[in-house]
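Residue-level structural notes
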Amino acid sequence: MANNKGGSPGARSPLSLVVAMALCCFFYLLGAWQRSGYGKGDAIAAAINHQAACSDNPSSSSSSTAAGLTFETHHGGASTNASSSSPAPPEIFPACAASLADHTPCHDQDRAMKFPRKNMVYRERHCPTSAAAGDRRLRCLVPAPAGYVTPFPWPKSRDYVPFANAPYKSLTVEKAVQNWVQYEGAVFRFPGGGTQFPKGADEYIDRLATVIPFNSGHVRTVLDTGCGVASLGAYLDSRGVIAMSFAPRDSHEAQVQFALERGVPAFIGVLGSIKLPFPPRSFDMAHCSRCLIPWGANGGMYMMEIDRVLRPGGYWVLSGPPINWKANHKAWERTEADLAAEQQRIEEYAAVLCWEKVTEINEIGIWRKRPEPCPDRPAEARACDEANQDDVWYKNMEACITPLAGAGAGSELQPFPARLTAVPPRIMSGSVPGFTAESYEEENRRWERHVAAYKKVNYKLNTERYRNIMDMNAGVGGFAAAIFSPKAWVMNVVPTAAELSTLGVVYERGLIGMYHDWCEAFSTYPRTYDLIHGNGIFTLYKDRCKMEDILLEMDRILRPEGTVILRDDVEILLKVQRTVQGMRWKTLMANHEDSPHIREKVLYAVKRYWTAAGEDSEEQKNMGSSSEGKGSEE
C-alpha cells in the first residue's frame with residue numbers, strides 16, 4: 001500500500017477532528033443560549049422543542065414518538081419515566097382504591113341521599129370541598145377497572161362498547177324489550193332502541209324529520225333531557241346534528257357512562273332546582289322521550305327553563321306520557337283524568353310561552369317556539385330579570401319567562417356547516433366586549449395556526465384516534481372549529497372564572513359546550529375523554545384553587561393513553577410538568593410555533609396505561625376505607 005505522506009485532501013489528523021468537534025459544540029451551545037431569552041425554563045423548552053420538531057414526517061424515526069411520547073393506543077402496563085434531574089423528587093400520587101373506579105365526586109350516591117328529594121335536589125351537583133369537616137377531596141389517581149381497553153373508534157363505538165370498560169348488566173335486563181342495550185360476551189351491543197322507539201332511533205328520527213328540518217342544516221344543536229344511553233344523539237350524528245344529552249347519575253345504572261363510552265356527548269345532570277349550565281338561546285331543538293320530568297308542575301318552571309335555552313324558531317319534542325293518552329292510558333297504568341289534566345297543563349304553559357303546536361304523531365307532540373317576541377303574552381306571565389342572563393352557574397331555576405333581549409337575539413343563523421365559520425350574531429351585534437367581526441376572524445386564524453402546529457407534533461390529530469375531546473377554556477370556540485371533524489366532537493367549556501361569557505357564541509357556531517368552575521369536579525364519569533386541551537387554564541385559576549386539584553380532575557376524566565395539550569406561560573407549564581411526573585403522565589415541552597422568544601409554550605402529555613389490577617390491593621383497601629365516596633355498585 002502506498003504511503004500518503006503528501007497529505008491528500010481526505011486525510012485529517014486526530015487532533016484537528018477533536019478541535020473541530022469542540023468548536024461545533026461551543027458554537028451550538030452559544031447559539032442556544034443566545035436564542036433563549038427568558039432564562040432556564042425557556043432554554044429547556046427550546047431544547048425539547050428541537051427534539052420534537054426534528055421531523056414533521058410521522059414515519060420518520062426522529063418524529064415526536066422518538067422524543068418520548070406515543071399517541072398510539074396500547075393495552076399493556078405502564079413503562080417507567082426517564083430519571084428526573086430535579087434535586088427533589090416530585091410528589092407521587094398513589095392509586096385510589098379499585099372500588100373508586102367510577103368515582104364521580106359531585107354526584108356521589110351516599111352524599112346525595114342527605115339532600116331533599118323535592119325537585120330532584122338530591123340528584124343535583126353536591127361537590128366535596130377541602131374545607132368542610134370530614135369532607136375532603138381524594139389525593140389519589142382513579143384507576144381504570146381491570147381489563148380496561150381502548151374504546152372502539154367511531155362509528156363502531158356507536159354500536160359496541162367493551163364490557164370491561166363499564167361492567168354493569170342491569171340495563172340489559174331492565175330495558176331488554178326496549179332495545180337499549182344487549183350483553184354479548186366481551187361487548188355490549190346498542191341496537192339504537194329507546195323507551196319510545198323500540199324499533200330503533202333511525203325510524204324514530206325519520207318520523208320527527210317529517211316536521212323538523214334536520215337535513216337542511218338549520219337544526220344543528222339538540223338538548224336531549226333524560227337521555228338514557230343517548231341513542232337519539234348517537235343516530236342524529238350521521239345527519240350532521242349534534243346532541244347534548246344528560247341524565248341523572250344511576251337513575252338507570254351507568255346510562256351516561258354508556259353514552260360517553262359510545263362516543264356520544266353527554267353529562268350527568270337533571271332538571272331540578274338549578275338552572276341548566278347553558279346560556280339563553282343555545283339549542284335548535286329540545287327533546288324528551290319519556291324522561292319522567294313533570295313538565296306541568298311548579299308553575300311550568302321546567303318548560304320555562306327549556307324556553308330559556310331554546311333558540312327562537314326552535315322545536316320542543318315531547319314523546320310519551322301524556323301525549324295521545326286516550327290510546328295509551330292502560331299501558332301507562334294511569335287514569336284518563338290524570339293524564340288529561342297533565343296534558344292540559346302542558347298545553348296551557350305552551351300557550352303562555354307562545355309555542356305553536358305543530359303536530360302530534362302517535363305519542364309524539366311537537367311544538368315550535370316563535371321566531372320573534374310574543375305579542376300577546378298573558379299579563380300574569382312573569383318575565384325574568386334581564387340583567388346578566390348568562391349568569392346561571394348554581395342559580396335557582398324560576399317560574400318566569402326569559403325575555404328575548406339583546407341585540408341580535410332573534411337573528412337568523414346560517415345553516416350548518418356555514419354557521420361554523422360565519423360571524424355569529426352575538427359578535428356582529430357587539431354583545432361580546434372586545435370582539436369585532438375582524439378580531440373574531442383573526443382569532444379563528446390564530447387557532448388554525450395553533451392546531452396546525454399541534455398536528456406536526458401529534459399526527460394522530462388527523463385521524464380517528466380522538467372522538468371525545470374537551471377544551472377546558474374554549475373562548476369563542478376557535479380550537480373546536482380548527483380541529484372540526486365529523487369523526488369527533490368537542491365539549492367547549494367556558495369557565496365561570498373567565499372574563500367574558502362566550503358560550504353563546506360557541507352555540508351560534510353550531511358547537512356545544514357548558515359552563516363549569518374548574519375548582520370543582522366536572523359532571524362526568526372517569527375515563528370519558530380521549531383528548532383534553534387547555535389554553536391558559538392554570539393562569540386563569542392561579543389564585544383560585546390548587547393546580548394539583550385541577551390536574552387530578554383532568555386525570556380522572558382522561559382515558560388511559562389519552563392526550564393532554566396545554567398552552568400557558570413557561571413557568572406555569574414547568575410546574576405542571578413537574579407535578580404530573582407523579583401522576584404517571586409522559587410529557588414533552590414545545591416552543592410557541594411563532595418564536596422561541598415567546599413566553600407562551602405548549603406542553604404535550606400522554607396518560608400511561610394502567611389498571612386497578614396492577615396495584616397493591618391491600619394499599620387500595622386502606623385508602624378506600626378513608627376516602628370519601630363509593631363507585632357505582634354492580
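Everything below is about the structure shown above.
In what follows, the accompanying structure is described. (Residues numbered from 1 in each chain as written. Predicted model: local features only at pLDDT ≥ 70, side-chain atom pairs only at ≥ 80, totals over all residues. Heavy atoms only, no water.)

1. Digging into the overall build of the chain
Filter applied, for reference: Secondary structure elements are taken from DSSP: a helix is a run of H or I of four residues or more, a strand is a run of E of two residues or more, and numbering for both begins at the N terminus. Three labels apply to residues, based on accessible area from a 1.4 Å probe with only protein chains included: buried if under 20% of the type maximum, exposed if over 50%, partly exposed otherwise in between. What makes two residues a contact is simply this: any of their non-hydrogen atoms within 4.5 Å. All accessible-area figures derive from a Shrake-Rupley calculation using a 1.4 Å probe, and residue coverage is judged against the displayed protein chains alone.
For the chain, the count of helices and strands is 20 helices and 17 strands. Taken over 634 residues, the chain has a buried fraction of 56%. Long-range pairs, those at least 24 residues apart, make up 70% of the contacts in the chain with a sequence separation of at least 6. Total accessible area on the chain stands at roughly 26,700 Å², and carbon and sulfur atoms take up 54% of it.

2. Some details on the environment of Thr104
Quick note on the threshold: Polar contacts, as counted here, are pairs of nitrogen or oxygen atoms within 3.5 Å of one another; within protein the pair requires one atom able to donate a hydrogen and one able to accept it, and residues that are adjacent in sequence qualify only if both atoms are side-chain atoms.
Tracing the chain through its elements places Thr104 in the loop between helix H2 (40-52) and helix H3 (109-112). The contact partners of Thr104, leaving out residues within four places of it in the chain, are Arg249, Ile268, Thr524, Tyr525, Pro526 and Arg556. Among the polar contacts made by the side chain of Thr104, one reaches the side chain of Arg249 at a distance of 2.6 Å.

3. Some details on the side chain of Arg556
Note on placement: Arg556 falls in helix H18 (residues 547-557). Residue Arg556 is classed as buried on the basis of its relative accessible area of 3%. Here Arg556 is in contact with His103, Thr104, Pro105, Val142, Ala521, Phe522, Thr524, Tyr525, Pro526 and Arg527, once residues within four sequence places are set aside.

4. Comments concerning the sheet that holds strand S11 (residues 468-471)
Convention followed: Strand pairing requires that DSSP identify at least two bridges connecting the strands. Only the stretch in contact is used when fitting a helix axis, every axis being a line fitted to C-alpha atoms; angles between N-to-C directions are given from 0 to 180 degrees.
Sheet architecture is open: 7 strands sit in the order S13-S12-S11-S14-S15-S17-S16, paired in mixed fashion. The open sheet has two edge strands with one neighbour each: strand S13 (512-516) and strand S16 (585-591). The average angle at which neighbouring strand axes cross in this sheet is 20 degrees, direction not considered. By the bridge criterion, 7 bridges tie strand S15 (residues 558-569) to strand S17 (residues 600-607) in an arrangement that is antiparallel.

5. Points about the pairing of strand S10 (residues 364-369)
Along S10, 5 of the 6 residues are buried, which leaves the element largely enclosed by surrounding structure. In the sheet, strand S8 (residues 310-319) pairs with S10 via 5 bridges, with the strands oriented antiparallel. Directly across from Tyr315, in S10, lies its bridge partner Arg368. The sheet contact formed by strand S9 (residues 355-361) and S10 spans 6 bridges and is antiparallel. Across the sheet, Glu360 pairs through a bridge with Gly365, a residue of S10.

6. Structural notes on the sheet that holds S10
Spatially, S6-S5-S4-S7-S8-S10-S9 is the arrangement adopted by the 7 strands of the open sheet, whose pairing is mixed. The two strands at the open ends of the sheet, each matched to only one other strand, are strand S6 (266-268) and S9. Strand-to-strand twist of the sheet, defined as the mean angle between neighbouring strand axes without regard to direction, takes the value 20 degrees. Across the sheet, helix H6 (residues 201-208) is in contact with strand S7 (283-289), S8, S9 and S10; its angle to S10 comes to roughly 50 degrees. Across the sheet, helix H11 (residues 336-352) touches S8, S9 and S10, and the angle it forms with S9 is around 140 degrees.

7. Observations concerning the state of the cysteines
Joining two cysteines, a disulfide is a covalent bond between their sulfur atoms. For clarity, the cut-off: Note on terminology: disulfide denotes any pair of cysteine sulfur atoms within 2.5 Å.
A full pass over the atoms with the stated rule returns 6 disulfides. Disulfide partner of Cys288: Cys291, at an S-S distance of 2.0 Å. The chirality of the disulfide connecting Cys288 with Cys291 is left-handed, given an S-S dihedral of about -100 degrees. Grouping residues by exposure puts Cys288 and Cys291 together as buried. Covalently, Cys519 is tied to Cys545 through a disulfide, its sulfur atoms 2.3 Å apart.

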